[in-house]
Amino acid sequence: MRFAFGTLTALPVRVTRWDRTAARGGMVCAPVAGAVLGLCAGALGGVLLLLGAGPLLAAVAGVAVPAALTRGLHLDGLADTADGLGSGRPAGEALMIMKQPDIGPFGVVTLVLVLFAQTAALAELYADGWAAGAVALAVAAAAARCALTLASRAGVPAARPEGLGAAVAGVVPVRTALTVAAVTAVVCAAAGALLGPWAALQAVLAVLAALGAAELLLRHCRSRFGGVTGDVFGALAETAATAALIVLALG
């Protein structure tokens, strides 16, 4: 649990071990860290609504809180991955582009579109009340980190020998990763059930959409880069969260 919160959030949790066993446990617990981020975001959105703010402002807060509580880690990974994929360069050169401290045009455009999509979807959800927005944030955040659990499964290699990607690549047995995905879907369905049976089904569909979108991106990144990196993990999380929020907003 320390590994999950210490590497996937900016919360004051000290990581005392950095070995494969700790990494395995951390990635199994990743959805828990995501759910906590989502609940924090939902709480702030609820406070703003109670103070008289509209759904749009609550939605902006809902997007900003996870970004702040991760120090923009996943958003930075999304931008870098977009630059690497968009460059059209061979794997080695694309990985070098991703390590550059600046953000290129592909990264900027991707960030803008993703943040707009997340905010628009959340505004729709908050228009139905604080509970709908809070549940959506928790479901999306948990599904996003569950995508990282699946990306850490055995058989998925690291693209480079150092960094977070190398530390967690292949550490989770496939059966364990699938079990975590199933448990995440069930817990999200239970959270959605607080709003009614259709919301429970929609939560499950949101988790499936999130994991499906992340898996497609993962396969593309493996093909282009030869494996995963810390930036790819960030891109997977943001892609999954966006897919989940869009599905939840469609109801």
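In what follows, the structure referred to is the one given above.
Residues numbered from 1 in each chain as written. Predicted model: local features only at pLDDT ≥ 70, side-chain atom pairs only at ≥ 80, totals over all residues. Heavy atoms only, no water.

Focus: the overall build of the protein
- Scanning the protein for helices and strands turns up twelve helices and zero strands.
- Each helix and strand of the protein, placed in order from N terminus to C terminus, yields the pattern α-α-α-α-α-α-α-α-α-α-α-α.
- Relative to its length of 251 residues, the protein is compact, with a C-alpha radius of gyration of 17 Å against a globular reference of 18 Å.
- The C-alpha extent of the protein, read off along each of the three principal axes, is 50 × 40 × 30 Å.
- Taking all 251 residues of the protein together, the buried fraction comes to 51%.
- Considering only contacts within the protein whose residues lie at least 6 apart along the sequence, 75% involve residues at least 24 apart. (Helix = DSSP H or I, 4+ residues; strand = E, 2+ residues; numbered from the N terminus. Rg over C-alpha atoms; globule rule 2.2 N^0.38 Å. Buried < 20%, exposed > 50% of the residue type's maximum accessible area, 1.4 Å probe, protein only. Contact = heavy atoms within 4.5 Å.)

A closer look at helix H8 (residues 130-151)
- Relative to the 32 Å expected for 22 residues at 1.5 Å per residue, H8 spans 32 Å between its end C-alpha atoms, a close match to the ideal helical length.
- Counting buried positions along H8 yields 20 of 22 residues, so the element is predominantly enclosed. (Expected span 1.5 Å × (residues − 1).)

A look at a nonpolar patch on the surface
- A cluster of nonpolar side chains, namely Ile103, Val108, Val112 and Phe116, defines an oily patch on the protein surface of about 360 Å² accessible area.
- With respect to the secondary-structure elements, Ile103 resides in the loop between helix H6 (91-99) and helix H7 (105-126).
- Note on Ile103: relative accessible area 39%, which makes it partly exposed. (Patch = residues over 30% accessible without salt bridge, like charges linked within 9 Å, V, L, I, M, F, W, Y side chains within 5 Å. Areas by Shrake-Rupley, 256 points an atom, 1.4 Å probe, with all protein chains shown as cover. Salt bridge = Lys/Arg side-chain N within 4 Å of Asp/Glu carboxyl O.)

Focus: the pattern of salt bridges
- For the structure on display, the rule yields four salt bridges.
- Of the charged contacts, one joins Glu93 and Arg89 as a salt bridge, the two residues approaching to 3.4 Å between their closest N and O atoms.
- By relative accessible area, which is 41% here, Glu93 ends up partly exposed.
- Relative accessible area serves as the criterion here: at 43%, Arg89 is assigned to the partly exposed category.
- The partner of Glu215 in a salt bridge is Arg219, and the shortest N-O contact between them spans 3.2 Å.

A few points about the environment of Ala67
- With respect to the secondary-structure elements, Ala67 resides in helix H4 (residues 55-69).
- In contact with Ala67, other than residues within four places in its own chain, are Gly72 and Leu75.

As for empty space enclosed by the protein
- Inspection of the entire model under this criterion finds two cavities of 30 Å³ or more.
- Volume-wise, the largest cavity comes out at about 220 Å³.
- In terms of lining, the largest cavity is formed by 19 residues, of which the most central are Pro66, Gln118, Arg145, Glu238 and Ala241.
- Of all the secondary-structure elements, those providing two or more residues to the lining of the largest cavity are H4, helix H5 (73-87), H7, H8 and helix H12 (230-249).
- When grouped by side-chain class, the residues that make up the lining of the largest cavity number twelve nonpolar, five polar and two charged.
- Size it by volume and the second largest cavity reaches roughly 30 Å³. (1 Å grid on protein atoms, 1.4 Å probe; cavity = no way out; pocket = protein on both sides within 12 Å on 5 of 7 lines; lining within 4 Å. Points joined across faces, edges and corners; volume = space filled by probe spheres on them. Nonpolar A, V, L, I, M, F, W, Y, C, P; charged D, E, K, R; others polar.)

Overview of the environment of Ala79
- As for its placement among the helices and strands, Ala79 is situated in helix H5.
- Under the relative-accessibility criterion, Ala79 is labelled buried at 0%.

A closer look at the nonpolar core
- Counting 70 residues, the largest nonpolar core has Leu122, Val139, Val168 and Leu236 as its most contacted members.
- For this core, the element with the highest residue contribution is H8, accounting for 13 residues.
- Those residues within four positions of Val139 in sequence are excluded, and the remaining contacts are Cys188, Ala203, Ala206, Val207 and Leu248. (Core = buried A, V, L, I, M, F, W, Y, C linked by side-chain atoms within 4.5 Å.)

Observations concerning the state of the cysteines
- According to the stated counting rule, one finds zero disulfides in the structure shown.
- The structure places no disulfide on Cys29, whose sulfur is separated from the nearest cysteine sulfur, that of Cys146, by 12 Å.
- Here Cys146 stays unpaired: no disulfide links it, and the sulfur of Cys188, its closest cysteine neighbor, is 8.2 Å away.
- In this structure Cys146 comes out as buried when scored by relative accessible area, which is 0%. (Disulfide = S-S within 2.5 Å.)

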